[in-house]
Amino acid sequence: MQNRTRLAPRKDGFSFIPVKRTKTLLVSAYLEHRAKPKQVQVIAVVWREETVTYHCILHCQNNEKHISDGVCQIHEDHFGFPYGTADIMCPLPSQCDMPSHIAVTSVIFKDEYQLEFLEVKNKEEKTEFFSHNFTVCLSTMFNFNNILQLVQSLEMYRLLGVSKVVVYKTNCSTETQRILNYYTKKGILEVIPWSMSKFLNVSRGWLPQHGPGELHYFGQIPALNDCLYRNMYQSKYVALHDVDELILPQMVQSWIELLPILEKKYGPNKCYMFENNVFPNNVILPSLKSQSLSKQTHWRGVHGVNILAHLHQEPIRKENLYEKFKIIVNPRLVSSVSVHGVLKSHNMDGCAWVDRNIARMYHTRAQMQTHLTSDKLIYDGRLLNYSEPLIKAVSITLRESGIL
């Protein structure tokens, strides 16, 4: 095959590639070792009603190129938007078992002189000795200015045993960018520029009636799937949740201590689902242990929510008990994920609902049960067990990053 090739521009580490003469947008490409035989999995966003025949052009050893037919698998979770996440699976010919890059074209596109290639990642399969025990995937940061809660969450992750956090950022305030730069320099944070809104009319809501657009919530689902594959062979576990959510153990202090408990109780080859508990951020009630709040007076000029001031939760309603949970999972057991849980798995023995007395999720956000009066909220001071090291770490970050 004689043609010019061009790598996708990776300014700041990321770029999307439109497939010409289609409504398909390529996100990233990963070698899928678990497929027999091996394939390249291209994460994409597609117009769900469009039928396209894909060709995969593989850049192989000795600078050779080979073509295989791509098979498109659209994820079942799209929340009713016309665009959805998809995997374009590209089989590897016998003479190309380790491609370095891949391009995807449609059958009607013949101009081989304008191919744009994605790097194929995850070339090395690992089953042990990972760089990180825990990675947190935070997707779709847009118009973000909740600085204090961001810092508190990042420091809480560290206290829980997390060594890497990935943020998919569309845009944020100048002060938020300072915080992102601060943690990136420390090697804790990886920021992925997420410019989906330059290509599609993305929704700001999770359902079409909550926000018009072509794709769910700034492309949250393709971001989560990219994060899963990006960290598949870097991290023993990944946690998929939002910046205002914390999974807190109840009997131990860290995820490092928690996961052996979960594996022993529920089995090792599972995803673990954690109950969602809402702590309204518009309600401040006296704490039973308010002495720690006096140490936070110097944070008052910092924009955002102080999670230590919101220690009362909404009661759990039976009809909503199993909604809006989030997961921690071994990524090598998973093929695709959605916002709340696993869509497809690989040798996984299902998902386990974690007993709330072992661990549960603390979700500090706007009140959901808006009819509730403050006397109906339930006090939970578990977060205060982390308050002393948390206050110290947050204060140091705010000073060193120039926010204070």
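Residues numbered from 1 in each chain as written. Predicted model: local features only at pLDDT ≥ 70, side-chain atom pairs only at ≥ 80, totals over all residues. Heavy atoms only, no water.

**So, the side chain of His216**
Its place among the elements puts His216 in the loop between β12 (189-193) and α3 (220-230). Residue classification places His216 among the buried residues on the basis of a relative accessible area of 4%. Beyond its immediate stretch of four places on either side in the chain, His216 contacts His78, Phe79, Phe81, Ser203, Gly205, Trp206, Ile221 and Val339. (Helix = DSSP H or I, 4+ residues; strand = E, 2+ residues; numbered from the N terminus. Buried < 20%, exposed > 50% of the residue type's maximum accessible area, 1.4 Å probe, protein only. Contact = heavy atoms within 4.5 Å.)

**With respect to the pattern of salt bridges**
Enumeration according to the criterion identifies nine salt bridges in this entry. With its nearest N and O atoms 3.4 Å apart, the salt bridge here joins Arg158 to Glu155. Taken together, the residues Arg158 and Glu155, both in helix α1 (residues 147-160) and three residues apart, mark about one turn of the helix. The class of Arg158 is partly exposed, set by a relative accessible area of 38%. (Salt bridge = Lys/Arg side-chain N within 4 Å of Asp/Glu carboxyl O.)

**Observations regarding unusual backbone geometry**
Cis rather than trans, the peptide bond between Lys36 and Pro37 has omega equal to -5°. Take Pro37: it is sitting in the loop between β3 (25-32) and β4 (39-47). We note that Tyr217 has phi near 45°; this positive angle belongs to a residue other than glycine. By secondary structure assignment, the location of Tyr217 is in the loop between β12 and α3. In this structure Tyr217 comes out as partly exposed when scored by relative accessible area, which is 25%. In this structure, Phe218 is a non-glycine residue whose phi angle is positive, near 60°. Relative to the helices and strands, Phe218 is located in the loop between β12 and α3. Exposure remark for Phe218: the relative accessible area of 6% places this residue in the buried category.

**Observations regarding the packing of α1 against helix α5 (residues 387-400)**
Where α1 meets α5, the closest approach of the two axes is 9 Å, and the angle between their N-to-C directions is 125°. Overall, the two elements α1 and α5 adopt an arrangement that is oblique. Where α1 crosses over α5, the two elements pack in a sense that is right-handed. Counting all contacts with α1, which are made through Leu148, Val151, Gln152, Glu155, Met156 and Leu159, the residues of α5 involved are Pro389, Leu390, Ala393, Val394, Thr397 and Leu398. Within the contact of α1 with α5, the residues separate by chemical class into nine nonpolar, two polar and one charged. (Axes fitted to C-alpha atoms, helices over the stretch in contact; angles between N-to-C directions. Parallel < 35°, antiparallel > 145°, perpendicular 65-115°, else oblique. Left-handed = near helix turned anticlockwise from the far one by under 90°. Nonpolar A, V, L, I, M, F, W, Y, C, P; charged D, E, K, R; others polar.)

**Observations concerning the nonpolar core**
Ranked by internal contacts, the top residues of the largest apolar core, which has 57 residues, are Val165, Trp255, Leu258, Leu259, Leu262 and Phe274. Examining the composition of this core, we find that eight residues originate from one element, α1, more than from any other. Among all residues touching Leu262, those that are not within four sequence positions of it are Gly267, Tyr272, Phe274, Val354 and Ile358. In this structure, Val45, Val202, Leu224 and Leu333 belong to the second largest nonpolar core, which totals 36 residues. (Core = buried A, V, L, I, M, F, W, Y, C linked by side-chain atoms within 4.5 Å.)

Geometric descriptors of this kind do not, in isolation, establish any biological role.
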